[in-house]
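Chain and residue survey
Here are the chains, one letter per residue:
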Amino acid sequence: ETGVTQSPTHLIKTRGQQVTLRCSSQSGHNTVSWYQQALGQGPQFIFQYYREEENGRGNFPPRFSGLQFPNYSSELNVNALELDDSALYLCASSLWPSGRTDTQYFGPGTRLTVL
Amino acid sequence: QQQVKQSPQSLIVQKGGISIINCAYENTAFDYFPWYQQFPGKGPALLIAIRPDVSEKKEGRFTISFNKSAKQFSLHIMDSQPGDSATYFCAASAQGAQKLVFGQGTRLTINP
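Read on for a plain summary of the structure. Within any chain, residue numbers begin from 1 and follow the written order of that chain's sequence. For naming, the first written chain is A and the first written ligand is 1, with later ones following in the order written. Reporting of local features is limited, given that this is a predicted model, to residues whose pLDDT is at least 70; pairs of side-chain atoms are given and counted only at 80 or more, and all residues count toward the totals for whole chains, interfaces and linings. Where side-chain values are given, they derive from all heavy atoms of the structure, hydrogens and water being excluded.

Before going further, it helps to examine the overall build of chain B. Helix and strand content of chain B: 0 helices and 11 strands. The secondary structure listing takes helices from DSSP runs of H or I that are at least 4 residues long and strands from runs of E that are at least 2 residues long, numbered from the N terminus. Reading the secondary structure of chain B in the N-to-C direction produces β-β-β-β-β-β-β-β-β-β-β. Both definitions apply: the radius of gyration is a C-alpha atom measure, and the globule rule equals 2.2 Å times residues to the power 0.38. Relative to the 2.2 N^0.38 estimate, which gives 13 Å for 112 residues, the radius of gyration of chain B is 13 Å and therefore close to what a compact globule would have. Seen along its three principal axes, the alpha-carbon backbone of chain B occupies a region of about 40 × 30 × 20 Å. Within chain B, buried positions represent 48% of all 112 residues. By definition in these notes, contact holds between two residues if any of their heavy atoms fall within 4.5 Å. For chain B, long-range pairs separated by at least 24 residues make up 55% of all intrachain contacts whose partners lie at least 6 apart in sequence. Residue exposure ignores everything except the shown protein chains as possible cover, and the areas themselves are Shrake-Rupley values with a 1.4 Å probe. Here chain B has roughly 5300 Å² of accessible surface; of this, 49% comes from carbon and sulfur atoms. Between buried and exposed lies partly exposed: a residue is buried under 20% and exposed over 50% of the maximum accessible area for its type, with that area taken using a 1.4 Å probe on protein chains only.

See below:
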């Protein structure tokens, strides 16, 4: 059983650029969620994908978008990067619905720095 | 109403002592309360989780105490070890384990 993997590990962009982050979900999982974790803060929910469709969104602007592919891997795209987008971006996968065994497993994250 | 408030921000405990971290929430629709442990440069890892139909759950040295009427829950780490030094996050969700709302985190340091 493989865990959640993310790429790249680190990324440096300049303000106004666009970025794509990638996530491979844990084997057997069908749902992917993305979180933004600013330095010294708890993760904040960006959105979730289930069956290749967005299934809930947090308080993030439309320039944050995503995709889920048939193999359940996912991408997070951020357009028109701003300095405040600098953060650790976490991907989490789960099998949903799964009742009381429902658990999200997090990847190691992608550290994005916007200059 | 979506907030989860966590305290303290940082905590120093001697080896062998008990570490206690507290969280409070407002949204009565929350039905899943996990605790995550995060080491520097790593993603959060699930430690233990509880649902509101029980008041306490224990797994090894880790215990969650849950007070539904007070809308509070806490993590107790017994016999704290230097390897427990990490940042701990409480979280809550109204949809099982999905769409988690996290607390601000507690940086725990266990002195040898």
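What follows concerns the sheet that holds strand E6 (residues 56-59) of chain B. Residues and elements named next belong to chain B. DSSP-based pairing: two strands are paired if at least 2 bridges between them are found. The strand order E1-E3-E8-E7-E6 describes an open sheet built from 5 strands, whose pairing is antiparallel. Each of the sheet's edge strands pairs with one partner strand only, and the pair in question is strand E1 (4-7) and E6. When strand polarity is set aside, the average angle formed by the axes of neighbouring strands in this sheet is 15 degrees. Angles shown run from 0 to 180 degrees and are taken between the N-to-C directions of axes, each axis being a line fitted to C-alpha atoms and, for helices, limited to the stretch in contact.

Turning next to the pairing of strand E11 (residues 106-111) of chain B. Residue and element names in this part refer to chain B. Only one face of E11 is buried, namely the one carrying Thr106, Leu108 and Ile110, since none of Arg107, Thr109 and Asn111 on the opposite face is buried. Examined bridge by bridge, strand E2 (residues 10-14) and E11 share 5 bridges and lie parallel to one another. The partner of Gln14 across the bridge, within E11, is Asn111.

Where empty space is left can be seen by rolling a probe of water-molecule size over the atoms. Space inside the second largest pocket adds up to approximately 480 Å³. Using a 1 Å grid laid over the protein atoms alone, points where a 1.4 Å probe fits but cannot get out form a cavity; open sets with protein on both sides within 12 Å along at least 5 of 7 lines form a pocket; any residue with an atom within 4 Å of a point counts as lining. If you trace the second largest pocket, you find 22 residues lining it, with Gln37 and Gly40 of chain A together with Gln38, Thr87 and Arg107 of chain B closest to the centre. Elements supplying a minimum of two residues to the lining of the second largest pocket: strand E9 (86-92) and E11 of chain B. Tallied by class, residues from the lining of the second largest pocket come to 8 nonpolar, 11 polar and 3 charged. Grid points are joined across faces, edges and corners, and a volume is the space filled by probe spheres set on the points. Amino acids outside the nonpolar list (Ala, Val, Leu, Ile, Met, Phe, Trp, Tyr, Cys, Pro) and the charged list (Asp, Glu, Lys, Arg) are all regarded as polar, and Gly is one of them.

The quantities given are spatial measurements derived from coordinates; they are silent on function.
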